[in-house]
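Reading the structure
Letter by letter, the chains look like this.
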Amino acid sequence: MNATVLELSPVRPPEVLLDRIGFELGWDYAHHRLQPPAPFAEDASALRDGLLAARATFGLRTLAAPRHVHLWLQLRLHAWLRGRSVEGFQVTPHYLRQLEASHCPITRMALDLSRPGGNASIDRVRNDAGYAAGNLAMMSTKANHAKSAHDFRSATRLAGEAGPGAGSPSASASGLAGLTGPQWRRVATLCSFVEPLDHAVASSQPMHVLPPNRLRLFNPVQALQALLSRQLLQPGWSHRCARFESLLQGPALRRDFKTFMIALLPRVLEAGRTATPETLRWAVEDAWADERVQKRWQAFAGPLTPAACESLVRQAAARKLATCRVETLGPALAIEGWSLETRGWIAIPPREPRLAAAG
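By convention here, each chain's residues receive numbers from 1 onward along its written sequence. Note on the predicted model: pLDDT of at least 70 is required for a residue's local features to be given, and 80 or more for side-chain atom pairs to be given and counted; whole-chain, interface and lining totals, by contrast, use all residues. Water and hydrogen atoms play no part in the side-chain values, which are based on all heavy atoms of the structure.

**A closer look at the overall build of the chain**
A run of H or I in DSSP counts as a helix once it spans at least four residues, and a run of E counts as a strand once it spans at least two, with each numbered from the N terminus. A count of helical and extended segments in the chain gives 15 helices and four strands. With 359 residues in all, the chain has 45% of them scored as buried. Only heavy atoms enter the contact rule, under which two residues are in contact if any of them lie within 4.5 Å. If you take every contact in the chain between residues at least 6 apart in sequence, the share linking residues at least 24 apart comes to 66%. Residue exposure ignores everything except the shown protein chains as possible cover, and the areas themselves are Shrake-Rupley values with a 1.4 Å probe. Carbon together with sulfur atoms contributes 56% to the accessible area of the chain, which is approximately 18,200 Å² in total. Relative accessible area decides the class of each residue, using a 1.4 Å probe on protein chains only: under 20% of the type maximum gives buried, over 50% gives exposed, and in between gives partly exposed.

**Section: the confidence of the model for the chain**
Each residue carries a pLDDT score, the predictor's confidence in it, ranging from 0 to 100. In the predicted model, the chain carries a mean pLDDT of 88, and the fraction of residues at 70 or more is 89%. Segment residues 166-173: pLDDT under 50, and seven contacts once partners within four positions in sequence are set aside and those in other chains are kept. The model gives residues 353-359 a pLDDT under 50, and that stretch makes 18 contacts with residues more than four places away or in other chains.

**Comments concerning the pattern of salt bridges**
Within this document, salt bridges are pairs made up of a side-chain nitrogen of Lys or Arg and a carboxyl oxygen of Asp or Glu, the two lying within 4 Å of each other. This model, assessed by the stated rule, comprises 15 salt bridges. The partner of Arg255 in a salt bridge is Asp256, with the nearest N and O atoms 3.5 Å apart. Asp256 sits in the buried class, given a relative accessible area of 17%. Look at the salt bridges and you will find they share partners, linking Arg108, Arg281, Glu285 and Asp286 into a network.

**A closer look at the pairing of strand β2 (residues 120-124)**
By the criterion of burial, β2 is predominantly enclosed, with five of the five residues buried. Side chains Ala120, Ile122 and Arg124 of β2 all project onto a buried face; the interleaved residues Ser121 and Asp123 project onto the opposite face, where all are buried too. Paired strands, as defined in this entry, are two strands with at least two bridges between them according to DSSP. Here β2 pairs with strand β3 (residues 136-140) via five bridges, running antiparallel. Each residue of the ladder has a partner; that of Ala120, found in β3, is Ser140.

**Looking at the side chain of Ser140**
For Ser140, the position within the fold is in strand β3. The buried category is assigned to Ser140, whose relative accessible area is 0%. Excluding residues within four positions of it along the chain, Ser140 makes contact with Cys104, Thr107, Met109, Leu111, Asn119 and Ser121.

**Digging into the layout of surface pockets**
For each structure, a 1 Å grid was placed over the protein atoms alone; sets of points admitting a 1.4 Å probe that cannot get out are labelled cavities, open sets with protein on both sides within 12 Å along at least five of seven lines are labelled pockets, and lining residues have an atom within 4 Å of a point. Grid points are joined across faces, edges and corners, and a volume is the space filled by probe spheres set on the points. The volume enclosed by the second largest pocket comes to roughly 450 Å³. Residue lining of the second largest pocket: 25 residues in total, with Ile21, Glu24, Val86, Glu87 and Gly88 positioned closest to the centre. Counting residues per element, the ones that place at least two in the lining of the second largest pocket are α1 (15-31) and α3 (67-82). Tallying contributions element by element places α1 first for the lining of the second largest pocket, with six residues.

**Observations concerning the nonpolar core**
By nonpolar core is meant a set of buried Ala, Val, Leu, Ile, Met, Phe, Trp, Tyr and Cys residues that side-chain atoms within 4.5 Å join together. In this structure, Leu96, Leu224, Leu228, Phe244, Trp297 and Phe300 are the most contacted members of the largest nonpolar core, which totals 91 residues. Sequence-distant contacts of Phe300, defined by excluding residues within four places in its chain, comprise Leu224, Leu228, Phe244, Leu248, Leu253, Asp256 and Phe257.

**A closer look at empty space enclosed by the protein**
The final tally for this structure, using the stated rule, is one cavity of 30 Å³ or more. Reported here for the largest cavity is a volume of approximately 140 Å³. Looking at the largest cavity, it is lined by 14 residues, and the ones nearest its centre are Arg67, Leu71, Arg115, Pro116 and Ala120. It is α3 that contributes the most residues to the lining of the largest cavity, four residues altogether. Polar here means any residue outside two lists: the nonpolar Ala, Val, Leu, Ile, Met, Phe, Trp, Tyr, Cys and Pro, and the charged Asp, Glu, Lys and Arg; Gly therefore counts as polar. Of the residues that constitute the lining of the largest cavity, the class distribution is five nonpolar, five polar and four charged.

Written out as structure tokens, the structure is:
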């Protein structure tokens, strides 16, 4: 007797989405007249199919391939091989060019940007999200490998276990898991920027590393912290700080702001007027290791609410007191394309039942 039963099988194989992504990646390699690393150009795969199709389409009518295009293709290949999502609208070669840095924010080693495959890489700061605008930073491959899947809390724990850092009797010369104590503290600070934290926790964090370009800051108090720290990187900081002080309500808040800036200033002045942009940046970051700086920051920022911090950042930007571009995004836009619902993995279509005849 024939019967109709419910057989569980996918409408389309789960790998179809990965195949489409691989095909588009191969297409873009050929469109820029580049060869994927071996063995991807020889072995049968969706990437090779896209490569061959694009070569047949474009021939010699290809696009230029500057450094940031190589980086863009390398990032997408790495993500495709691991099944990680890449937001394709905003994460472009032009966007990645804006992330370029001369030195690693974690190890402070010089980055070689002169050739593909150097010691520079683009990493996701938040590991439960995909490769998306606002979640990416350039760093050394050493820092990238050490950071791996660590977040704010695990990096903070490793920073404590690794020791205070150079110059301390209890410091470990070799560090822990590839990084020293100060380097793990920079990892923890970097991760804290893209993780929503309680205001009390966020306001108590030293800014051991300044936010890299285009990184999104989820905690308003850290946005204020970065805005004020960056004042000392550009000439005219005294005038800008005086104008910022006029935004503060009440003599107590103005007094706490002044004492904080006075505590932060000496380490920067020690760097001298001949300091390079990198050494000046590091001087500001290292000033946050001073306990007095941190105490006076908490005295100033602790009483502020997240809304008050965000308002001060908006007002400062409107009066052109910020030394970098400030853009405010709503909660939905801030994580657009981050694939948080899949923890940064490519979304695989759910298995759907289909009717099949069985005898």
